[in-house]
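Descriptive structure summary
Each chain is listed here by its residues.
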Amino acid sequence: MTASTVYWISTALLSLLYLSSATLYLLKSAWVRTQLAALGYPGYLVPLLVALKVLAVAAVLSRINTPLSDLAYAGMFFHLLLAAIAHAGAGKPKDALPAVIGLILLVASFATQNVAREMPSPHGDVQAWTRAVSH
């Protein structure tokens, strides 16, 4: 499979994960607030998370600004990492599975973005990272 195909498949699946999550947050707001409270987070985060999830997907897919796209990737990385840690820390490691899958998709998308997109990211050159580490 080519790197461009890996990019588009991983990015599409990551976007689908984020948009379906935002939709769930909108449609089942009371349930989501209860779940967040069980993890120790306030319910007022729900509308903020919905907006940020949608905006992150828009920034990555549209790529009208490469630094904004990179910032969206960083925000998604920390969101997914902290979500996985929160679920594992609450003794619900199975509930961390979507976040772990999201992290895998995010790494695949970020690592292959420069092959598939016209505007390259200065941070997305994974081959340069591996050269720097080996020297």
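For the structure, check the block above.
These notes cover the structure that comes with them. (Residues numbered from 1 in each chain as written. Predicted model: local features only at pLDDT ≥ 70, side-chain atom pairs only at ≥ 80, totals over all residues. Heavy atoms only, no water.)

Focus on the packing of aromatic side chains
Geometry of an aromatic ring pair is reported as the spacing of the ring centres plus the angle between the planes. Enumeration according to the criterion identifies three aromatic pairs in this entry. For the pair Tyr7 and Trp8, a centre-to-centre distance of 4.8 Å together with 80° between the ring planes defines the contact as edge-to-face. By relative accessible area, Tyr7 is classed as buried at 0%. Judged by its relative accessible area of 39%, Trp8 falls in the partly exposed class. The ring of Tyr18 carries Lys53 above its face, with NZ or CZ at 5.5 Å from the centroid. Sitting over the ring of Tyr25, Lys53 keeps its end group 4.3 Å from the ring centre. (Phe/Tyr/Trp six-rings, centres within 6.5 Å; stacked < 30°, edge-to-face > 60°. Buried < 20%, exposed > 50% of the residue type's maximum accessible area, 1.4 Å probe, protein only. Lys NZ or Arg CZ within 6 Å of the ring centre and 35° of its normal.)

Comments concerning unusual backbone geometry
Positive phi values are uncommon outside glycine, yet Arg63 reaches one of about 50°. Turning to its location among the elements, Arg63 is positioned in the loop between helix H3 (45-62) and helix H4 (66-89). (Helix = DSSP H or I, 4+ residues; strand = E, 2+ residues; numbered from the N terminus.)

What to know about the nonpolar core
Leu14, Tyr18, Val60, Tyr73, Met76, Leu80 and Leu106 are the most contacted members of the largest nonpolar core, which totals 19 residues. Of all the elements in the fold, those that place two or more residues in this core are helix H1 (3-27), H3, H4 and helix H5 (97-116). With six residues, H5 is the single largest residue contributor to this core. Sequence-distant contacts of Tyr18, defined by excluding residues within four places in its chain, comprise Lys53, Val57, Met76, His79 and Leu80. (Core = buried A, V, L, I, M, F, W, Y, C linked by side-chain atoms within 4.5 Å. Contact = heavy atoms within 4.5 Å.)

Honestly, it's all geometry; don't read function into it.
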